[in-house]
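What the coordinates show
The chain contents come next:
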Amino acid sequence: MNQRELSEIKRRLNPDKRNPTMLRGCYITNAGQVISTFQKPVYHLPQEENEKYMAIFKRVLSGTLGQNLVAVDFDALQVMEGEEHRLLTALRDSGLKDDAAVDAVFQRVIGAIAAEHAHETQSVNEQQQAANYLILMLHDGYDVPYKNANDELDQEQSQNVFSYVLLGVCPVKQTKSALCYETADNDFHNRPEDWVVGMPEMGFLFPAFEERSANIYASLFYTKNSADPHEAFMQNVFGMEPIMPAEEQKETFQALLQETLEDECSLDVVQTVHDTVCTMIEERKADKTAAPLCLTKSDVKTMLETCGVSLERQNAFEEKYDQSFGSYAEIPAVNMVTPRQFQVETPSVSIRVDPAHSDLVQTRMIDGKCYIMVLADDNVKVNGVSVKIRG
């Protein structure tokens, strides 16, 4: 999915739309015990409740594509015979009215939550204070407006109906008792402990909305923490091995450059790769209809060749890339570099530079020693104090 497609579905959840049909929920303890389940037609919800629920589902469609929002692709066998895909399809096709499918998915999510907590070491007190969870599902049937040759939408005409399901897993945490101001009697009174629903930690959209129609071979997975692979959730809900998290992809890519280029891994090389990828990201972002930029090992090899890296080191990079990511793997460009940050560190000094001006950082040999140099103009501050740089 690209940014424009994502925004189009996200607008369905705005207060003035109110088109989603069915809402279902399952409230569980942190140990996985079901406290209650419910189903509500969305149009019966009071306005304030509706807005709170829609804010949760909008969060499931928020974040950076390739980091917080990760494409999950099903192969042909999974679509034809996979139990996980069958359940997701039953949710969508029934409009969340297939109780057996809804309960089965709830149980799979509950199992994933329990499995993740089983790996956490907690004291008895921490276990008692741990969050409960609210699992929410939303169904919607979107009459996709016709788009003419001028890329304008005609709301009166519809090409097809995009039927989809959103799911979000929200922590429910207990607040502490506190004094609270009551306007009725103009005084403060004790507010008892209560349970409050937070924003989702993970969730998904199924199926994906691509080229303004449903792609049943894909889903969009949401994670609040891009460093968490949510292994149990990926296995239980999608029947897949976890996708390497964004942070791990970045660390692995950086390690590849360092290990394979060896003494050719210079400041100039890393700087050129960083600047090239950042420029490509910005150019792609300008086109809202384009899919997020992904790069292959061949793309990176071309950058290394441009930097003058030897063929031997290029081949070493390719070989290590295959071992780490796979021969045909494409990595989201945002997981290769940090677009808004260029940082140079030594054991005692750290320099952060605007990526747009990373060329201000250079290396120089002076009296047989290598120095990292930063161009200093008339606007230099030290600890917030403007200073003059004298020759």
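Remember, predicted model here, so these are calculated numbers, not experimental data.

1. With respect to the overall build of the chain
Of regular secondary structure, the chain possesses eleven helices and 20 strands. Reported as C-alpha extents along the three principal axes, the dimensions of the chain are approximately 75 × 60 × 50 Å. Taken across its 391 residues, the chain has 39% of its residues classed as buried. Contacts in the chain between residues at least 24 apart in sequence constitute 64% of all its contacts with a sequence separation of at least 6. Carbon and sulfur atoms make up 47% of the accessible area of the chain, which amounts to about 22,100 Å² in all.

2. As for a nonpolar patch on the surface
A surface patch of nonpolar side chains, about 360 Å² in accessible area, is lined by Leu 179, Tyr 181 and Phe 188. By the element assignment, Tyr 181 lies in strand E6 (residues 178-182). What makes Tyr 181 partly exposed here is its relative accessible area of 38%.

3. Description of the packing of helix H8 (residues 246-261) against helix H11 (residues 311-324)
Viewed as axis vectors pointing N to C, H8 and H11 meet at an angle of 145 degrees, and their least axial separation amounts to 9 Å. Note on packing geometry: the crossing formed by H8 with H11 is right-handed. Taken together, the residues of H11 that come into contact with H8 (itself represented by Thr 252, Phe 253, Leu 256, Leu 257, Glu 259, Thr 260 and Leu 261) are Arg 313, Ala 316, Phe 317, Lys 320, Tyr 321 and Ser 324. Grouping the constituent residues of the contact of H8 with H11 by class yields seven nonpolar, three polar and three charged.

4. Quick look at helix H5 (residues 99-118)
Between its first and last C-alpha atoms H5 spans 28 Å; for 20 residues at 1.5 Å apiece the expected length is 28 Å, and the two agree. Where H5 is concerned, the buried positions are Ala 101, Val 102, Val 105, Phe 106, Val 109, Ile 110, Ala 112, Ile 113 and His 117.

5. Quick look at the confidence of the model for the chain
Of the residues in the chain, 94% have a pLDDT of 70 or more, and the chain-wide mean is 87. By mean pLDDT, helix H6 (residues 124-129) is the weakest element of the chain at 50, and strand E9 (residues 202-206) is the strongest at 97.

Calculation notes
Residues numbered from 1 in each chain as written. Predicted model: local features only at pLDDT ≥ 70, side-chain atom pairs only at ≥ 80, totals over all residues. Heavy atoms only, no water. Helix = DSSP H or I, 4+ residues; strand = E, 2+ residues; numbered from the N terminus. Buried < 20%, exposed > 50% of the residue type's maximum accessible area, 1.4 Å probe, protein only. Contact = heavy atoms within 4.5 Å. Areas by Shrake-Rupley, 256 points an atom, 1.4 Å probe, with all protein chains shown as cover. Patch = residues over 30% accessible without salt bridge, like charges linked within 9 Å, V, L, I, M, F, W, Y side chains within 5 Å. Salt bridge = Lys/Arg side-chain N within 4 Å of Asp/Glu carboxyl O. Axes fitted to C-alpha atoms, helices over the stretch in contact; angles between N-to-C directions. Left-handed = near helix turned anticlockwise from the far one by under 90°. Nonpolar A, V, L, I, M, F, W, Y, C, P; charged D, E, K, R; others polar. Expected span 1.5 Å × (residues − 1). pLDDT = per-residue confidence, 0-100.

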